[in-house]
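# What the coordinates show
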Amino acid sequence: INNYFLLLLVFSTTSILANDNGLGPTPAMGWNTWCTLGPCQRDYCDAAEIMSIADAMEFNGMKDLGYTYINLDDCWADHRDEDGNIVPDSNRFPNGIAPVIKYLNKKGFKFGLYTDAGNATCQSGGRNQPIPGSYGHYEQDAATYASWGVEYVKMDWCNVVIDDVKLDPHVAFKNMSLALDKTGKKIWLNSCEGGIMKPWIWMHEYANSWRTGHDHHDNWDTTSDIIEINANLGVYAGPGGWNDPDFLMTGGE
């Protein structure tokens with residue numbers, strides 16, 4: 001499979017206080033859609049591609065090695081309906097997200113989905129309008145994701161200034177964590193605020209993994225920088241809560 005994103009999570013055996021949802025005894029491993037079919041910021045993956053990735057990962061043995069998450073990153077959503085429900089892009093997901101998840105589950109994979117803590121996601125995927133974030137809809141979105149069968153949620157940190165006031169990540173990620181727990185379904189929460197507020201110190205209570213720094217790109221400069229950022233963070237990770245240095249790009253950007 002071309003352009004794999006393998007979730008790379010730094011860990012240690014140190015006992016820590018972690019999100020007590022029964023998830024994450026080991027780091028999550030799998031494949032992520034971001035930058036798959038072109039430069040980052042313009043992701044065009046669709047239902048057929050995601051299902052073909054599952055086919056390939058089953059065939060090549062990656063699933064048996066523990067790469068069981070297939071995560072759909074930014075640009076999958078289109079708008080909210082009149083009731084505030086998030087609606088997938090019908091051109092990319094003509095039958096919605098749920099049938100894709102069912103296909104993956106039958107093959108033994110888990111499905112992850114992207115959202116943003118603010119009022120819009122980080123990129124528009126080539127659209128002329130922003131894609132709605134989860135601000136003001138944390139519980140509603142969590143319930144929607146659970147009803148579809150989502151088992152992993154990545155929450156990004158763009159467009160978080162609301163009415164001239166910047167959101168508090170402690171509050172935002174706590175609220176999404178509580179919203180996911182309220183669904184009754186075990187859903188892995190990955191926080192992605194870029195390590196600005198040193199989440200390795202405090203995010204354990206809310207998330208199963210947390211981004212520790214900036215985005216990784218397919219060049220040595222960002223790779224070496226991420227290695228340095230994470231060099232001394234292993235003591236903060238363990239079963240239930242893991243450092244996330246960002247996915248490993250094994251294909252060209």
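My aim in this report is to walk through the structure given alongside it, one point at a time. If you're wondering where the values come from, they're calculated on a predicted model, not measured in any experiment.

## Considerations on the overall build of the protein chain
Of regular secondary structure, the protein chain possesses six helices and 13 strands. Considering the protein chain as a whole, with its 253 residues, one finds that 54% of them fall into the buried category. Long-range pairs, those at least 24 residues apart, make up 70% of the contacts in the protein chain between residues at least 6 apart in sequence. Working note: accessible area of the protein chain is about 11400 Å², and carbon and sulfur atoms make up 52% of it.

## Here we look at the nonpolar core
I70, L72, W76, F111 and W148 are the most contacted members of the largest nonpolar core, which has 55 residues in total. Setting aside residues up to four positions removed in sequence, W76 forms contacts with I86, P88, D89, F93, I97, L113, Y114, R127, Y145 and W148. Formed by seven residues, the second largest nonpolar core is a distinct cluster that contains L23, W188, A237 and W242.

## Digging into the packing of aromatic side chains
Tallied over the entire structure, the rule returns seven aromatic pairs. Measuring from centroid to centroid gives 5.8 Å for Y152 and W188, while their planes differ by 15 degrees, and the two rings are stacked. Residue Y152 is located in strand β7 (residues 152–156), and its partner W188 is located in strand β10 (residues 188–192); the two are separated by 36 residues in the primary sequence. For the pair Y152 and W188, one class covers both residues: buried. Both rings, one in W202 and one in Y206, keep their centres 6.4 Å apart while their planes meet at 65 degrees; by these two values the pair is edge-to-face. Per residue, the accessibility class of W202 equals that of Y206, and both read buried. Through a chain of ring-to-ring contacts, three or more aromatic side chains come together here, namely Y69, Y152 and W188. Directly above the ring of F109 sits K63, whose terminal nitrogen or CZ lies 5.9 Å from the centroid.

## A few points about the state of the cysteines
Scanning the model with the defined rule gives one disulfide in all. Disulfide pairing places C122 opposite C158 at an S-S distance of 1.9 Å. Judged by the sign of its S-S torsion, about 90 degrees, the bond between C122 and C158 is right-handed. Placement of C122 in the loop between β6 (110–116) and α3 (138–148) and of C158 in the loop between β7 and β8 (161–162) is noted, with a sequence separation of 36 residues between them. When its relative accessible area of 24% is taken as the criterion, C158 is described as partly exposed. With no disulfide of its own, C45 has C75 as its nearest cysteine by sulfur position, at a separation of 8.3 Å. Cysteine C192 shares no disulfide, and the gap to the nearest cysteine sulfur, in C122, comes to 7.2 Å.

The rules behind the values
Residues numbered from 1 in each chain as written. Predicted model: local features only at pLDDT ≥ 70, side-chain atom pairs only at ≥ 80, totals over all residues. Heavy atoms only, no water. Helix = DSSP H or I, 4+ residues; strand = E, 2+ residues; numbered from the N terminus. Buried < 20%, exposed > 50% of the residue type's maximum accessible area, 1.4 Å probe, protein only. Contact = heavy atoms within 4.5 Å. Areas by Shrake-Rupley, 256 points an atom, 1.4 Å probe, with all protein chains shown as cover. Core = buried A, V, L, I, M, F, W, Y, C linked by side-chain atoms within 4.5 Å. Phe/Tyr/Trp six-rings, centres within 6.5 Å; stacked < 30°, edge-to-face > 60°. Lys NZ or Arg CZ within 6 Å of the ring centre and 35° of its normal. Disulfide = S-S within 2.5 Å.

Interpretation note: all reported values are geometric properties and have no functional meaning in isolation.
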